[in-house]
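The primary structure of each chain is shown beneath.
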Amino acid sequence: MADATGRRRVSLTMIVRDEERDLPRCLGSVADLVDEVVVVDTGSADRSRQVAAGFGARVVEFSWVDHFAEARNAAIDHATGDWILWLDADDRLDEPNRDRLRSLIARLGDEPAGYLMRQVNSVAEAPGERVVFDRVHLFPRRPEVRWERRVHEQILPSLERLGARVIATDIAFEHEGYRDPATHRRKAERNLRLLERERSERPGDGFTLFNLAWTLHVLGRLDEAMAIWPEARARSTPTISYLRKLYSLWARDAHALGRPDEALAICREGRAALPDDDELTFLEALLLRERGDPSGAETLLNRLISGPAPSYLTAGYNPGIRGHRARHNLAEICRERGRDADAETHWRAASAEAPHFGPSWRGLAELYLAHGFHDAARQATDQLARCPGGADAAEDLRRRLGDGAGPGARDDGPPSPPPPPMRAGPGAGWARVGSGPKEATPAPSPPPAPRARGAGGGMAETGVGTAPAASLRAIPDPPGAAESLARADRELAAGRVEEAEAIYRELLDEGYLEGLMAYRLGTIADARGDFDEATRLHRLAVVADPGLAARVAPEGAPHRLAVTARAYRAEPAPACPVCGASDRETIRVVNCLAADSTPTAIDPVRRWARCLGCGHGMADPRPTPAALAEALASPPPPHLVTWNYESLRKASAVVHRLRSRRPGGRLLDVGAAGGVMAGAAAELGFEVSALEVNPAFEESIRRFGVELLRGDLLGFPFGGRRFEVVLLGDVIEHLPDPRRGLEVVASLLEPGGLAWVSTPNRDGAWARALGPRDPMWRVAEHLHFFTRSGLHRLMAEVGLAPVDYRLSGRYLGCGETTAERAGAVPSG
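All values derive from a computational prediction rather than experimental measurement. (Residues numbered from 1 in each chain as written. Predicted model: local features only at pLDDT ≥ 70, side-chain atom pairs only at ≥ 80, totals over all residues. Heavy atoms only, no water.)

Participant: Please provide a residue-by-residue account of the nonpolar core, values included.
Facilitator: Counting 107 residues, the largest nonpolar core has Phe139, Phe210, Trp229, Leu301, Leu485, Tyr504 and Met517 as the members making the most contacts within it. Ranked by residues supplied to this core, first place goes to helix H7 (residues 206-218) with 8 residues. Listed in part, the 34 residues of the second largest apolar core include Ala573, Val670, Leu748 and Leu794. (Core = buried A, V, L, I, M, F, W, Y, C linked by side-chain atoms within 4.5 Å. Buried < 20%, exposed > 50% of the residue type's maximum accessible area, 1.4 Å probe, protein only. Helix = DSSP H or I, 4+ residues; strand = E, 2+ residues; numbered from the N terminus.)

Given below as structure tokens:
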């Protein structure tokens, strides 16, 4: 039942056995976030029970009956909370994920829902590798919600029977159960025994067969696994979540047993049913490369590095396959085909994303050595020496460089990334999870004759990190290329678009500044309404030139050194928040790298859509909550932190208008940024609280002497606090759910209280006059573009009555609406 404040209580439930080593780190990271901890001990011989009790846990003894679901249900039986959170003893949360979990718990209600969280596993056989699983870790405590199955227990089936929604979160936790190979194997042998029992209890059950074959795969008993995969597939429905992993493991086993044609047929059958599956796309690329089809492999690998992040449930998914592992294979293909500068670009991007991944550093070192760039080869070799398993290859390279070898030449410190660091996760070629198919990175090809490429082909040194400063010597630019580019730019500026387009396309075909040419052509395609072509060209631009921001971003933009060689996380936009309609049409495709500031966590290629029901604008697809959280936690652009007297004066004018309607009282500034509005409000006599999610603003806000609240509008526990005025200054366009945001604002206001909302007006005079030149289109963090009528409709529906509207004096193209909480007597 809810506590005295109405907040729902959460019980953490766990089952343990001999976990005294791991329990302190697990409970230390989560116990203070929940209302109670219930630990079911299944027969520990160590101090597990005492350790759990030391964290305030209720410890329940349970006689082990070879049934994980029964043990987990026993924990539920002893819980008293409204919601159940479950973890294992070798799980732990870091501070950012503690904050996310705290925020989620604070807004729980009575809804029938299961919340997905991501388990991130480290694998001992591949140091640095991350394998992730999506699982329901938080669900309501109800009699009908129970765990099922003897092993690989499931809560989802009972939630589905209840009609509960399954909601993805951005919460992830580290799981250390696979760090020790011996422990991993013992668990697999135990699971095999339990699965054999379950198979006799559930003959013909697809999920049991799938897990049985997977366990045999882990144990290296591939012939036995291959005998089960076809039946597991036949017993599984086309929409079952584990079907993706089934095809992937089945194809891997066929390949490991020396049956590549069968592996390719399995892979293609899987991709026919699941064309968006990253792992099957990666596997097919490797198989095509192996059988002598590098063009086919390159096409699939490029699709991986440029496509949207997966939106489906993952099981044993390695994010590196759409990042550095795909790029490493692309680099090898380019090297084999004589495209050395392309190979360099991919290897440098892979090394930036995964500094610990030795094969990419070795590829760079071999490449620079072949072209006579000895200093750059030495730098890459030094990085290789710091990678797991890279010392021997580094010593060989040092001998070839004439630098000697031996312990004195080795560097055992951590690898340093080339600029800028991005994601992590190892593996090239055939991944190894547990046992089974091993890495199969082809041997380096003989060094080709030196070859170069047009300007922009290699990655120039940016002064960040310790990447090799040299790049491949560039081939002479196509004759007259620079003059042709200048002519095309003049034609475009003069409005002769067709003439400019023809020149840009010719230069792109000649390989001259491919990224910039694709960017220019993408902008032209957008202007004429060919949005699919615009998307393709802008995607090509950021793939062909990972350093494109340096060419198209304004001078001084903080992201000019950004590298776009990474996998971006995106999701489809939901129904329109204003009218609820799902029908929409694309109206713009832009490249956000041309903006004044672009967070590196957000895909720079942005499609804007218009709701056909009401005209509301929205990003579709849009960044996932995890991508937005990463962006909001990154250093803000300078203009949001710096301030001057003029900005303070403009803020004062806004607050003064509000003060004429509500003279004083409590004021909440949501998304306070540098704190200028909060400071002006305090000077005009309000009791001010500033809510801000980005810690980078803390010092700036505190200098104005106001109360700082750390958190986001949708997740902060206000504890019944009410305000006379709530400021929502240029925030609502950033919210994934603006309707919910306005509902929270309305709930925080006293009767007659004022909400002030500033946001770009997509239908305003400024936006109409500028059209595609309006810089607001390129702000990557914006998820919505409101019209005045759409915003006012949404405000009215949540109980906020607009009483004033005017153009902003703070930001060009923005409109400012003042609204009263419904039920108040209009004033003024």
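Participant: Please set out the packing of helix H15 (residues 358-370) against helix H17 (residues 391-400) residue by residue, giving values where relevant.
Facilitator: Here H15 crosses H17 at 10°, and the two axes come no closer than 11 Å. Between H15 and H17, the angle is such that the two are roughly parallel. Contacts from Arg362, Ala365, Glu366 and Leu369 of H15 reach H17 at Ala393, Leu397 and Arg400. Looking at the contact of H15 with H17 residue by residue, the class counts come to 4 nonpolar, no polar and 3 charged. (Axes fitted to C-alpha atoms, helices over the stretch in contact; angles between N-to-C directions. Parallel < 35°, antiparallel > 145°, perpendicular 65-115°, else oblique. Contact = heavy atoms within 4.5 Å. Nonpolar A, V, L, I, M, F, W, Y, C, P; charged D, E, K, R; others polar.)

Participant: I'd like a rundown of the sheet that holds strand E15 (residues 665-670), residues and numbers included.
Facilitator: Spatial strand order, E17-E16-E15-E18-E19-E22-E21: 7 strands in an open sheet with mixed pairing. For this open sheet the edge positions go to strand E17 (707-710) and strand E21 (800-807), each flanked by a neighbour on one side alone. Adjacent strand axes in the sheet meet at a mean angle of 20°, parallel and antiparallel pairs treated alike. Here strand E18 (residues 723-729) pairs with strand E19 (residues 749-760) via 6 bridges, running parallel. The residue of E19 that forms the bridge with leucine 728 is valine 757. Helix H26 (residues 676-683) contacts E15, strand E16 (686-692), E18 and E19 of the sheet and is inclined by roughly 170° relative to E16. Where helix H28 (residues 738-748) meets the sheet, it contacts E15, E18, E19, E21 and strand E22 (814-821), and its direction lies at approximately 145° from that of E19. (Pairing = 2+ DSSP bridges.)

Participant: Explain the pattern of salt bridges to me, and be specific about the residues and the numbers.
Facilitator: Summed over all chains, the structure comprises 73 salt bridges. Between glutamate 698 and arginine 702 there is a salt bridge, with the nearest N and O atoms lying 3.0 Å from each other. Of this pair, glutamate 698 and arginine 702 both sit in helix H27 (residues 698-702), separated by 4 residues, roughly a single helical turn. A relative accessible area of 26% means that glutamate 698 is categorised as partly exposed. Judged by relative accessible area, arginine 702 falls into the partly exposed class, the value being 47%. Measuring nitrogen to oxygen at the nearest pair gives 3.0 Å for the salt bridge that ties aspartate 804 to arginine 806. Overall, arginine 806 belongs to the partly exposed group, its relative accessible area being 33%. When salt bridges with common partners are traced through the structure, they connect Arg21, Asp22, Arg25, Arg92 and Glu176 into a single cluster. (Salt bridge = Lys/Arg side-chain N within 4 Å of Asp/Glu carboxyl O.)

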